[in-house]
Amino acid sequence: MKQCMDVDAINMRLKKIEGQVRGIQKMVNEDKPCEDILVQIGAVKAALHKTGQVILEGHMHHCVLDAVQDGHGDEAIDKLVSALNKFSKTL
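Residues numbered from 1 in each chain as written. Predicted model: local features only at pLDDT ≥ 70, side-chain atom pairs only at ≥ 80, totals over all residues. Heavy atoms only, no water.

### Notes on the overall build of the chain
Link 1 in the chain: Counting secondary structure elements, the chain contains 3 helices and 0 strands.
Link 2 in the chain: Its helices and strands taken in sequence order, the chain reads α-α-α from the N to the C terminus.
Link 3 in the chain: Taking 12 Å as the expected radius of gyration for a compact globule of 91 residues, we find that the chain reaches 17 Å, considerably beyond that expectation.
Link 4 in the chain: Looking at the 91 residues of the chain, the share that counts as buried comes to 18%.
Link 5 in the chain: Counting contacts in the chain only where the partners sit at least 6 residues apart, residues at least 24 apart contribute 61% of the total.
Link 6 in the chain: Accessible area of the chain: about 6900 Å², with a carbon and sulfur share of 58%.
Link 7 in the chain: If you average the places of the 12 positive and of the 13 negative side-chain charges in the chain, the two averages end up 6 Å apart. (Helix = DSSP H or I, 4+ residues; strand = E, 2+ residues; numbered from the N terminus. Rg over C-alpha atoms; globule rule 2.2 N^0.38 Å. Buried < 20%, exposed > 50% of the residue type's maximum accessible area, 1.4 Å probe, protein only. Contact = heavy atoms within 4.5 Å. Areas by Shrake-Rupley, 256 points an atom, 1.4 Å probe, with all protein chains shown as cover. Lys, Arg positive; Asp, Glu negative; His and termini not counted. Charge placed at Lys NZ, Arg CZ, Asp CG, Glu CD.)

### Comments concerning unusual backbone geometry
Link 1 in the chain: One non-glycine residue, Asp 31, lies in the positive phi region at around 60°.
Link 2 in the chain: Relative to the helices and strands, Asp 31 is located in the loop between helix H1 (7-29) and helix H2 (34-69).
Link 3 in the chain: Among the residues examined, Asp 31 registers a relative accessible area of 68% and is labelled exposed.

### Here's the deal with the nonpolar core
A general feature of soluble globular proteins is that nonpolar side chains tend to end up buried together.
Link 1 in the chain: Ile 17, Ile 24, Met 27, Ile 37, Val 44 and Ala 47 together form the largest nonpolar core, which totals 6 residues.
Link 2 in the chain: Counting only elements with at least two residues in this core, the list comes to H1 and H2.
Link 3 in the chain: Beyond its immediate sequence surroundings of up to four residues, Val 44 is in contact with Ile 17, Gln 20, Val 21 and Ile 24. (Core = buried A, V, L, I, M, F, W, Y, C linked by side-chain atoms within 4.5 Å.)

### Focus on a nonpolar patch on the surface
Link 1 in the chain: A contiguous nonpolar surface patch, about 230 Å² in accessible area, is contributed by Val 68, Ile 77 and Val 81.
Link 2 in the chain: On the secondary structure map, Val 81 appears in helix H3 (residues 73-88).
Link 3 in the chain: For Val 81, a relative accessible area of 40% translates into the label partly exposed. (Patch = residues over 30% accessible without salt bridge, like charges linked within 9 Å, V, L, I, M, F, W, Y side chains within 5 Å. Salt bridge = Lys/Arg side-chain N within 4 Å of Asp/Glu carboxyl O.)

### A look at the packing of H1 against H2
Link 1 in the chain: Interhelical geometry of H1 versus H2 gives an angle of 165° and a closest axis separation of 10 Å. As the angle between them shows, H1 and H2 are arranged roughly antiparallel. Of the two elements, H1 crosses H2, and the hand of that crossing is left-handed. Contact residues: H1 offers Ile 10, Arg 13, Leu 14, Ile 17, Gln 20, Val 21, Ile 24, Met 27 and Val 28, while H2 offers Asp 36, Ile 37, Gln 40, Ile 41, Ala 43, Val 44, Ala 47, Leu 48, Lys 50, Thr 51, Val 54 and Ile 55. (Axes fitted to C-alpha atoms, helices over the stretch in contact; angles between N-to-C directions. Parallel < 35°, antiparallel > 145°, perpendicular 65-115°, else oblique. Left-handed = near helix turned anticlockwise from the far one by under 90°.)

### Looking at the environment of Gln 40
Link 1 in the chain: One can find Gln 40 in helix H2.
Link 2 in the chain: Measuring from C-alpha to C-alpha, the distance between Gln 40 and Met 27 comes to 9.5 Å, with 13 residues separating the pair along the chain.
Link 3 in the chain: In contact with Gln 40, other than residues within four places in its own chain, are Ile 24 and Met 27.

This is how it looks when you write it as structure tokens:
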């Protein structure tokens, strides 16, 4: 799995998202306006979605492509479709 993504870049994205979530918790505790909190929640959702897109792109370019070239394309595509269905439900 590590060969299909830049693990350091993904971890950097996730640490940033983690910081954003902590920021939202702080905003809630400090009784910040609901509108501001909702904007930050939207930013976290967008950041998570982008992280998923980056992972998906790497998966398609490496894991799925390798499986197709090795003659296991049908199985790889079935797994990809399943993952895409689950990922798209989070939008």
